[in-house]
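Coordinate analysis (summary)
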Amino acid sequence: MLSNSNRIEQKDKKFDADVSKANLTNQLFIRLVAKGKRFANVDFKYTIFDACYLRNCIFDTCDFTGCRFVGTSLYGSSFPGCKFDYVTFEKTVIDNDILDTGCPALENLKMKFARSLKVNYQQLGDTKSANKAVSVELQATEVHLSKSWRSNESYYRKKYAGWGRVKAFLEWVSFKTLDFIWGNGESVLKLLRAGLLVLLLIALIDVLSFKNPESLKSYWQALKEAPPIFLGVFSPTYYPSLYLALIAFVRLVTMGFFLSIIIKRFNRR
């Protein structure tokens with residue numbers, strides 16, 4: 001059932017010259033060194049880079065499909081036209097512009113690529129790059145979920161057929177809803193917007209159910225009372241207990257969302 005993968009181990013090696021049109025697939029590079037070198041049309045598929053130092057290198061139209069970078073420094077290196085399908089990064093120093101130029105074309109692969117870089121940057125404590133990776137991941141996830149139930153592309157229609165398409169639609173609805181409420185855990189501004197809408201809804205219900213809808217004064221009074229009611233400081237005696245319980249539930253969920261965003265921000269630091 002099992003056979004030798006024929007992976008070639010290259011330990012403590014150094015590139016002394018530029019490399020062009022070479023086949024370096026299925027390698028295990030340990031402490032490989034290259035500085036200021038150019039790699040053009042090199043096939044690195046399924047290669048592992050462990051504790052390597054590849055600084056200020058240019059990787060032009062190289063194939064990194066299935067590669068793994070562990071504890072590697074790619075500081076100052078660029079990757080024009082490279083392929084990064086199914087690549088993973090762990091504690092690897094790499095400029096975040098890779099998210100602008102190196103993402104895979106397919107949304108599901110782009111999503112996984114950005115997610116791997118997000119975790120990688122979090123391991124390094126690079127908050128700015130981690131936030132950028134999160135943004136790319138969320139954008140790719142939205143497009144992927146949308147295509148999973150809407151697109152007529154053969155890949156999606158084969159993978160998401162029948163009830164799978166319905167499930168994909170529900171996942172997309174859930175994603176869009178949470179994105180509107182709090183940016184899927186990444187946007188304080190969206191959460192504040194959602195809180196403002198809740199206050200407006202509380203005020204509107206108060207006017208329509210308990211005040212005079214034809215009086216502008218009623219709307220102004222309801223708007224002033226909405227924040228204390230939402231925060232639990234003021235509870236009108238004429239409000240039904242179930243309605244007050246619903247407001248309390250929304251308040252707890254909102255506070256939970258807010259604390260979750262704050263904790264995420266601090267954890268990345």
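Refer to the structure presented above.
To start, this report covers the structure provided alongside it. Treat the numbers as computed from the prediction; the structure is a model and nothing was measured. (Residues numbered from 1 in each chain as written. Predicted model: local features only at pLDDT ≥ 70, side-chain atom pairs only at ≥ 80, totals over all residues. Heavy atoms only, no water.)

F39, F44, F49, F59 and F64 are the most contacted members of the largest nonpolar core, which totals 34 residues. Residue assignment for this core shows that the elements contributing at least two residues are α1 (98-101), α2 (107-124) and α3 (127-150). No other element matches the four residues that α2 contributes to this core. (Core = buried A, V, L, I, M, F, W, Y, C linked by side-chain atoms within 4.5 Å. Buried < 20%, exposed > 50% of the residue type's maximum accessible area, 1.4 Å probe, protein only. Helix = DSSP H or I, 4+ residues; strand = E, 2+ residues; numbered from the N terminus.)

Moving on: helix α6 (residues 188-210). Taking 1.5 Å of rise per residue, the 23 residues of α6 would be expected to cover 33 Å, and the 32 Å separating its terminal C-alpha atoms lies within 8% of that figure. Within α6, burial applies to L191, A194, G195, I202, A203, D206 and V207. The N-cap residue of α6 is S187: its side-chain oxygen and the backbone nitrogen of K190 are 3.1 Å apart. (Expected span 1.5 Å × (residues − 1). Polar contact = N/O pair within 3.5 Å; in protein donor to acceptor, adjacent residues only side chain to side chain.)

Here we take up the sheet that holds strand β2 (residues 19-20). Taken in spatial order, the three strands make up an open sheet running β2-β5-β8, and their pairing is parallel. The open sheet has two edge strands, β2 and β8 (58-60), and neither has a second partner. (Pairing = 2+ DSSP bridges.)

Relative to the 26 Å expected for 18 residues at 1.5 Å per residue, α2 spans 26 Å between its end C-alpha atoms, a close match to the ideal helical length. E107, N108, L109, M111, F113, A114, S116, L117, K118, N120 and Y121 are the residues of α2 that are buried. Where α2 is buried, its residues touch β10 (88-90), α1, α3 and α4 (154-159). Positive backbone phi, at 75°, marks G125, one or two positions downstream of α2. (Contact = heavy atoms within 4.5 Å.)

Here the focus is unusual backbone geometry. One non-glycine residue, K21, adopts positive backbone phi at about 50°. With respect to the helices and strands, K21 occurs in the loop between β2 and β3 (27-30). Its identity as a non-glycine residue notwithstanding, Y86 has a phi of 60°, on the positive side. Tracing the chain through its elements places Y86 in the loop between β9 (68-70) and β10.

A word on the packing of aromatic side chains. The relation between two aromatic rings is expressed through the spacing of the ring centres and the mutual angle of the planes. With the rule as written, the count across this model stands at 28 aromatic pairs. Aromatic pair F59 and F64: ring centres 5.6 Å apart, planes at 70°, arrangement edge-to-face. Counting every residue linked through ring pairs, the aromatic cluster contains F15, F29, F39, F44, F49, F59, F64, F69, F79, F84, F89 and F113. Over the ring of W172 we find R150, and its NZ or CZ is 5.5 Å from the ring centre. Cation over ring: R193 sits above F180, and NZ or CZ is 4.2 Å from the ring centre. (Phe/Tyr/Trp six-rings, centres within 6.5 Å; stacked < 30°, edge-to-face > 60°. Lys NZ or Arg CZ within 6 Å of the ring centre and 35° of its normal.)

What follows covers the state of the cysteines. Tallied over the full model, the rule gives zero disulfides. Of all cysteine sulfurs in the structure, the one in C67 sits closest to C52, which takes part in no disulfide; the separation is 11 Å. Take C67: it sits in no disulfide, and the sulfur closest to it among the cysteines is that of C62, at 9.9 Å. (Disulfide = S-S within 2.5 Å.)

Let us look at the environment of D50. Within the fold, D50 resides in strand β6 (residues 48-50). As a C-alpha pair, D50 and V253 span 203 residues in sequence and 44 Å in three-dimensional space. Those residues in contact with D50 that lie beyond four places of it in its chain are F29, I30, R31, V70 and T72.

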